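Here's the letter readout for the chains.
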Amino acid sequence: MASNVRLEAILSMLRPCDVLLDVGTDHALLPVLAVRGRVARKAIAADLRERPLDEARRTVARYGLVDRIHVVQADGLRALESLAADAVVIAGMGGALIRRVCEDAPKSFECVTQLVLQPNYAPEHVRGWAREHGWHLREECMIHTNGQYYTLCAFVRGIGADPSYATIACPDAVKLEVGPLLLQRKDPLAKRYCDWQKSRLVRVRAKVIVAPERLEAALKRFETACAYLA
Ligand SMILES: C[S@@+](CC[C@H](N)C(=O)[O-])C[C@H]1O[C@@H](n2cnc3c(N)ncnc32)[C@H](O)[C@@H]1O
């Protein structure tokens, strides 16, 4: 299998598990990597649409893993209504969609002990949902591949407030957008990402006529983050 930096990074955020559910699996490459790499004993590759599911079935068959990877059609976390999993990955979607999927979880989601979420953008929705629903950040990282920045967050269940947020002297909105653990360790790639966002926002500021206050607020958040990460 050709190496995929983003999927490998997601895999590295997972702790060994029994059954992994990959929501929005598309090509099912992540479940294949997880099972072949012995990170998961078994996996469920779930997607909403027929075309990705066909692709997923082909991938699973190609790697001879039909007995260890179950390909199912399911909306969000609904696969958990009939199939048990202890770990969930949701990757490659916008942060708001990932948040909606998590909010719509069935009762059986209670059996899940670890979550790895990789929003393509708007990670604040993901961190915000986790913080409000008893999931604590275990690890977070950024990668830059194919000209894009990606945020990866690994969560475990916790009691009370997530301590990751306690030690950073930044506004909450900055912590949710950039990540408390990335801020805490002054992550160099997070700094590059914030610098890039700042320059991008300054460039679009000249052209924006609708809701400039939202742009100014975003710019302020990244300026604050850059100052913290410097
Ligand atoms: C851009 S692909 C990401 C594929 C893969 N997770 C990755 O990171 O490479 C998004 C996939 O999510 C699926 N999807 C979108 N909304 C979904 C939902 N509510 N439930 C399950 N799958 C969904 C789409 O059909 C598509 O295959």
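Definitions and limits used
Residues numbered from 1 in each chain as written. Predicted model: local features only at pLDDT ≥ 70, side-chain atom pairs only at ≥ 80, totals over all residues. Near = placed C-beta within 6 Å. Helix = DSSP H or I, 4+ residues; strand = E, 2+ residues; numbered from the N terminus. Buried ≥ 20, exposed ≤ 12 C-beta atoms within 10 Å, placed from the backbone. Contact = placed C-beta atoms within 7 Å. Domains from an automatic or database assignment.

It is worth spelling out the site of the ligand at this point. As a matter of local geometry, the ligand sits amid 15 residues, with Gly24, Asp26, Pro52, Ala91 and Gly92 nearest to it. When residues of the shell around the ligand are traced back to their parent elements, those giving at least two are strand E2 (40–47) and strand E4 (87–93). Broken down by element, the residue count for the shell around the ligand peaks at 3 residues, all from E4.

Note that Leu30 resides in helix H2 (residues 29–36). Since 29 C-beta atoms lie within 10 Å of it, Leu30 is described here as buried. The sequence separation of Leu30 and Ala45 amounts to 15 residues, and the corresponding C-alpha distance is 8.6 Å. When neighbours within four sequence positions are excluded, Leu30 is seen to be in contact with Leu7, Ile10, Leu11, Asp22, Thr25, Val89 and Ala91.

Where interface size is given, it is often the accessible area lost as the parts come together that is meant. Here the protein is partitioned into domain 1 (5–163) and domain 2 (167–230). Once you take the C-alpha centre of each, domain 1 and domain 2 turn out to be 26 Å apart. Counting from both sides, the interface comprises 11 residues of domain 1 and, opposite them, 10 residues of domain 2. Among the elements of the structure, helix H5 (123–132), strand E6 (135–145) and strand E7 (148–157) are those that each provide at least two residues to the side of domain 1 that touches domain 2. Top contributing element to the side of domain 1 that touches domain 2 by residue count: E6, with 5 residues.

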